[in-house]
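# Structure assessment
Residues per chain, in single letters:
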Amino acid sequence: MDTIKGKAWKFGDDIDTDAIIPARYLNTSDPQELAKHCMEDADVAFAGRVKPGDIIIAGKNFGCGSSREHAPIAIKAAGVACVIAPTFARIFYRNAFNTGLLILESSEAAAAIAEGDEVRIDPASGLIEDLTSGRSFSARPVPEFMRGLLDAGGLMAYWKKRLAE
Amino acid sequence: MAQTITEKILAFHAGLDRVEPGQLIEARVDIALANDVTAPIAIAEFEKLGVETVFDRGRVLLIPDHFTPNKDIKSAEQAKILREFVQKHELENYFEIGRVGIEHVLLPEQGLVVPGDLVVGADSHTCTYGALGAFATGVGSTDLAAAVATGRVWFKVPESIKVVYRGRPGPWVEGKDLILYTIGQLTVDGALYQALEFTGEAIAELPMYGRMSMANMAIEAGAKNGIIAPDETTLDYVRPRARRDYTVFASDPDAAYVRTIEIDVSRIRPQVSFPPLPDKARTVDEAAAAGIAVDQVVIGSCTNGRIEDFRLAAKILKGRKAAPYLRLMIIPGTQEVYRQMVREGLVEIFLDAEALVSPPTCGPCLGGHMGILAAGERAVATTNRNFVGRMGHPESEVYLSNPAVAAASAVLGRIATPEEVVGEEGK
């Protein structure tokens, strides 16, 4: 994956999937439709202002609540290149990998990076650089098994290859 | 070496003698479940795989319960994708409007989930089936699609937290109150990635509907699963319903837990969880003293949509009416619950109370339809989440409670204790 560079958008702790994509929009699974309402109940202006390549910096337990895969789909389709948080809710964590949304765990980066900072990320090494403050952080390494899934091109590509063997 | 019930069920389905927390396993799935919101994405992912059909026509369950009866054209299209997939692959168990209910009330009732099962569902409240002694957990649509195609799923074996409930519950204290209290203690991520095992003498005395309320909300503490080892209460419930053989697992006495929490239930009052998170639990007395006016009361959902929940509400509502301008909604979890409500005269009591009795649906719980809140409105609901905007406008509020507290609040038009309505004569 190429290096990511974008502006930081800060959110608090326990951002739930209803805040990420409210259920009133779940009567479709079209990514572009979902993107229009991304983060709406946490910040109603976000979807209109976020730029491709931007980065969400959130508090602990990001993506708690429902199993809706619409949540990582909406974030990715809104152009967000990466979500950084100290921890992610379990189902959201799996869903992000399965939908190809990059997520990184780092308590230090989540606490230190300020709203609007310019952030550069090397997905391969997990290096997070705050270009505005000049500080850098290392994300917790992605578990080996999940790295394998990513290398295979995602869960379905992994199974497709395995079923063909 | 000793193992927990969660470890034993995972090991059994992975074809291993034993597993340890942190171990990655690939496990065999007994039931793969999705609903009308999550199935369309799962079906699209399934099609990408290019397999001919599902892993087992009897073990894939697609339940149209969220936005049904179809709330708008887009929802109708989603439900149609689900229905056409069921027909194309000739799935053995399908429940159309008129037979369908809220998935996590319907499946145990129909004996489609049994003790010892490994269940994955594209719905976070799939953890409800832990009440039957099954390992059940929510997954996203893509994980579900892989399970539907292959009958297999990968897991990291979770550590287990043991919660021991001692003592006898006081008046109007339900399984719902035990779990709201527990989430208040643990917080919304206190069991993140972990298994929550509920045990102790108060659980042994707890009926199945209360156990299902508890396992249902394990996810609200971030848990991977909630589980209660089967006992005679479980087997009395399962025996007349089970459509398959089942296996009873139990934790070894010396199994390892990452943490043990002891709770004296005799000290717990009915709980009310304040917005915007399920862990903001306070006693009903504290909530009632705050004089919180209520616009809507919802009694139902996968947490509290079983016949016993409505009997409890009826005890409070019999001979009384919902407060002026308050909207009281009764939502039976399944058609069977609805039928039983009619047989027992509960529907008559609810109609006399000027409640709306709705068909089974997830509806208002997730702000889908059938009772959406306007800005500034407040609801007391027996549902499981009170996030910002959960039941409608982002400036509306949801307070979570058991059915008796919800019914009492409907009568008085503000958050109220059951005792305020029926006096101190108890249940």
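Computed from a prediction, not measured in an experiment: that's the story for all the values here.

## Thoughts on the sheet that holds strand 2 (residues 31–35) of chain B
Backbone-to-backbone hydrogen bonds join strands into a sheet, with any given pair of strands oriented parallel or antiparallel. All names here are of chain B. Read from one edge of the open sheet, four strands run 3-2-4-5, paired in parallel fashion. Pairing within the sheet leaves two strands with one partner each, and these edge strands are strand 3 (60–63) and strand 5 (135–138). Adjacent strand axes in the sheet meet at a mean angle of 15°, parallel and antiparallel pairs treated alike. Summarising the sheet, strand 2 and strand 3 pair through four bridges and their orientation is parallel. Directly across from Ala34, in strand 3, lies its bridge partner Leu62.

## What to know about unusual backbone geometry
All names here are of chain B. Residues Thr68 and Pro69 are joined by a peptide bond in cis, for which omega reads -10°. Summarising the element assignment, Pro69 is placed in the loop between strand 3 and helix 3 (73–88). With an omega of 5°, the peptide bond running from Pro275 to Pro276 counts as cis. Mapped onto the elements, Pro276 comes out in the loop between strand 11 (271–273) and strand 12 (281–283). Phi is positive for Ser301, which is not a glycine, with a value near 90°. Within the secondary structure, Ser301 is located in helix 11 (residues 301–304). Judged by its relative accessible area of 6%, Ser301 is buried.

## Concerning the nonpolar core
Within the largest apolar cluster, 131 residues are counted, with the highest numbers of intra-cluster contacts made by Phe62(A) and Phe350(B). When residues of this core are sorted by domain, at least three fall in each of domain 1 (5–263) and domain 2 (273–422) of chain B. Once you skip the residues sitting within four places of it in the chain, Phe62(A) turns out to touch Ile15(A), Ile20(A), Met39(A), Ile56(A), Ile75(A), Val83(A), Ala85(A), Thr87(A), Phe88(A), Ala89(A) and Phe92(A). The next biggest cluster of nonpolar side chains, apart from the first, holds 37 residues, and it includes Val163(B), Ile179(B), Ala191(B) and Met214(B).

## Let's talk about empty space enclosed by the protein
Residue and element names in this part refer to chain B. Counted under the stated rule, the structure contains four cavities of 30 Å³ or more. Here the largest cavity defines a volume of roughly 240 Å³. Taken together, 23 residues make up the lining of the largest cavity; nearest its centre are His66, Asp123, His125, Leu366 and Arg390. For the lining of the largest cavity, a count of residues per class yields eight nonpolar, 10 polar and five charged.

## Notes on the environment of Lys224(B)
Its place among the elements puts Lys224(B) in the loop between helix 8 (208–216) and strand 9 (225–227). Between the C-alpha atom of Lys224(B) and that of Ser160(B), which follows or precedes it by 64 residues, the distance is 9.7 Å. In this view, Lys224(B) contacts Arg90(A), Phe135(B), Ala136(B), Thr137(B), Phe155(B), Lys156(B), Pro158(B), Ala191(B), Tyr193(B) and Gln194(B); residues no more than four positions away in its chain are not counted. Looking at Lys224(B), its side chain comes within polar contact range of the main-chain oxygen of Lys156(B), at 2.4 Å.

## Quick notes on the domain arrangement of chain B
Residues and elements named next belong to chain B. Per the domain assignment, the segments making up chain B are domain 1 (5–263) and domain 2 (273–422). A C-alpha centroid distance of 24 Å is found between domain 1 and domain 2. With 35 residues of domain 1 in contact, the opposing surface of domain 2 contributes 42 residues. Across the domain 1 to domain 2 interface the summed buried area is about 3100 Å²; carbon plus sulfur atoms make up 65%. Its largest share of buried area at the contact with domain 2, domain 1 owes to Ile102, Trp172 and Tyr209, together 25% of the area lost on that side.

## Here's the deal with the pairing of strand 5 of chain B
All names here are of chain B. Across the two faces of strand 5 the burial is the same, with Phe135 and Thr137 and Ala136 and Gly138 all buried. With four bridges connecting them, strand 4 (residues 118–122) and strand 5 associate as parallel partners. Residue pairing across strands places Leu118 opposite Phe135, the latter belonging to strand 5.

## Considering the interface of chain B and chain A
Between chain B and chain A, the residue contacts involve 50 residues of the former and 41 residues of the latter. Of the roughly 3800 Å² buried between chain B and chain A, counting both surfaces, carbon and sulfur atoms make up 59%. Here chain B and chain A share four salt bridges between them. We note a salt bridge from Glu26(B) to Arg162(A), for which the minimum N-O separation is 2.4 Å. Taken together, the connections running from chain B to chain A amount to 17 residue pairs in polar contact (both at pLDDT 80 or more).

Procedures and definitions
- Residues numbered from 1 in each chain as written.
- Chains lettered and ligands numbered in written order.
- Predicted model: local features only at pLDDT ≥ 70, side-chain atom pairs only at ≥ 80, totals over all residues.
- Heavy atoms only, no water.
- Pairing = 2+ DSSP bridges.
- Helix = DSSP H or I, 4+ residues; strand = E, 2+ residues; numbered from the N terminus.
- Axes fitted to C-alpha atoms, helices over the stretch in contact; angles between N-to-C directions.
- Buried < 20%, exposed > 50% of the residue type's maximum accessible area, 1.4 Å probe, protein only.
- Core = buried A, V, L, I, M, F, W, Y, C linked by side-chain atoms within 4.5 Å.
- Domains from an automatic or database assignment.
- Contact = heavy atoms within 4.5 Å.
- 1 Å grid on protein atoms, 1.4 Å probe; cavity = no way out; pocket = protein on both sides within 12 Å on 5 of 7 lines; lining within 4 Å.
- Points joined across faces, edges and corners; volume = space filled by probe spheres on them.
- Nonpolar A, V, L, I, M, F, W, Y, C, P; charged D, E, K, R; others polar.
- Polar contact = N/O pair within 3.5 Å; in protein donor to acceptor, adjacent residues only side chain to side chain.
- Buried area = accessible area lost by both parts, 1.4 Å probe.
- Salt bridge = Lys/Arg side-chain N within 4 Å of Asp/Glu carboxyl O.

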